[in-house]
Amino acid sequence: MTRVDEFRITKVEAWPVVLPLLEPFIVASGSMTVAHNVFVRIQLQNGAHGFGEMAPFPDISGEDQAGCLVAFPSAARSLLGQSALHWRQLAHELFEGTLKVPAMRCGLETALLDALCRGMGIPLWALWGGADVRIRTTDVTLPIGEIEQIVETARRWFDRGFRVFKMKVGRDVEADIQRVEAVYRSLPAASFVIDANQGFTADQTLLFLDAVHRRRIPVLLLEQPVHRDDWDGLLHVHQQSSIPIAADESVRSLADAERLIRDRAVDVFNVKITKCGVMESVNIVNLARASGLRLMIGGMVESRVAMGCSLSLVLGIGGFDFIDLDMPLLLALDPVVGGYRYEGHELHPWKTPGLGLELPSDSLQTVVIQ
Ligand SMILES: [Mg+2]
């Protein structure tokens, strides 16, 4: 048997999973108390296997768990019998065939890459080049909520070592200003990433920025202030702002990234594999780096499976200035054994092959394609 044959995909499985959050996750465009995700497992001829995760966020991307499970069988069948050594080709074909379900595609790509790297005996970050393998620190997200409760939550995270708070805004600009100011007054050593999730108009954004500037609140970055279709608004905000502006919902494809760069609309891209798929994210990262844009990495409501793949891009490709990989800390349970490790706000890399983790499978609900 040739090496190409040894890496042939012999089985693809998926099973739904329920991941409750510790507290309701409320952002400008929607909310979530329980994540309904899907885990994926790919088996190779040589015995290696890999895991992936589909993490749809219905209010943000329009995808949901049911839709992922409906799209899964035909996408999985297209992989059967193919060699994982042709991973770029397979990822390209998946992209063409599953344009509307990027979270589903991301789960398959992650499992494919994990299996490939386990078969080769290398960590996934080594596949990207191993450019920046070291302990990194993440911000922590504070959702929209009552001021007293958010301040209390922020204090708890601060005591655990977190110093950068990603504050969700965009539902009520006055309340947002008060909430951010209250956290800052309570924790003067903190700094902030602000994410409006498309909730502001350009005028509201400038009002918000002026207010935080006058209060001398250290804001490192403002993410997705206006709706992704409000191109003029985004350009206007970017021209007026002294704080770097990041695109999140506005950059869901390489084509989006090209347009944002051409129009000089933002300073930073927030890259999320569940939003674009893994290979499209890598393409966006490469374009951003060649174009002088800065990079942020984030995720949806997901476990350390999807987030481990995101961390592999940070460690392997390098060049990420803003790390927003806190989501597994906001979950009430961690279904993953092994993988990268949290210590306070630190993310500790793994050294074992692939994602370096294992998942118990749910045999009752597992869809098997072989
Ligand atoms: Mg965002």
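What you see is a predicted model, and the numbers here were worked out from it, not measured in a lab.

Each value, and the rule that gives it
Residues numbered from 1 in each chain as written. Predicted model: local features only at pLDDT ≥ 70, side-chain atom pairs only at ≥ 80, totals over all residues. Pairing = 2+ DSSP bridges. Helix = DSSP H or I, 4+ residues; strand = E, 2+ residues; numbered from the N terminus. Axes fitted to C-alpha atoms, helices over the stretch in contact; angles between N-to-C directions. Contact = placed C-beta atoms within 7 Å. Right-handed = clockwise from strand over helix to strand, strands pointing away. Core = buried A, V, L, I, M, F, W, Y, C linked by C-beta atoms within 7 Å. Buried ≥ 20, exposed ≤ 12 C-beta atoms within 10 Å, placed from the backbone. Domains from an automatic or database assignment.

A. Molecular detail of the sheet that holds strand E3 (residues 49-54). The sheet built from four strands is open, its strands ordered E3-E2-E1-E17 with antiparallel pairing. The two strands at the open ends of the sheet, each matched to only one other strand, are E3 and strand E17 (367-369). Each neighbouring strand pair of the sheet contributes to a mean axis angle of 25°, computed without reference to strand direction. Bridge count for strand E2 (residues 30-44) against E3 is six bridges, and the pairing is antiparallel. Residue Val 38 lies in a different strand from E3, and its bridge partner there is Met 54. Each of E2 and E3 touches helix H5 (residues 102-120); the most contacted strand, E3, lies at about 160° to it.

B. Representation of the pairing of strand E12 (residues 320-323) in the model. Sheet analysis places strand E11 (residues 294-297) next to E12, joined by three bridges and oriented parallel. Within E12, the residue paired with Ile 297 across the bridge is Ile 323. A crossover connection joins E11 to the parallel E12 through helix H14 (residues 304-316); in handedness this β-α-β unit is right-handed.

C. Seen up close, the nonpolar core. Of all hydrophobic cores here, the largest spans 119 residues; its most connected members are Leu 112 and Phe 269. It is H5 that provides the largest number of residues to this core, a total of ten residues. Here this core spans two domains, since at least three of its residues come from each of domain 1 (3-122 + 359-369) and domain 2 (126-355). With sequence-adjacent residues up to four places away left out, Phe 269 is seen in contact with Ala 246, Ala 247, Val 251, Ala 257, Ile 284, Ala 288, Leu 293, Leu 295 and Met 296.

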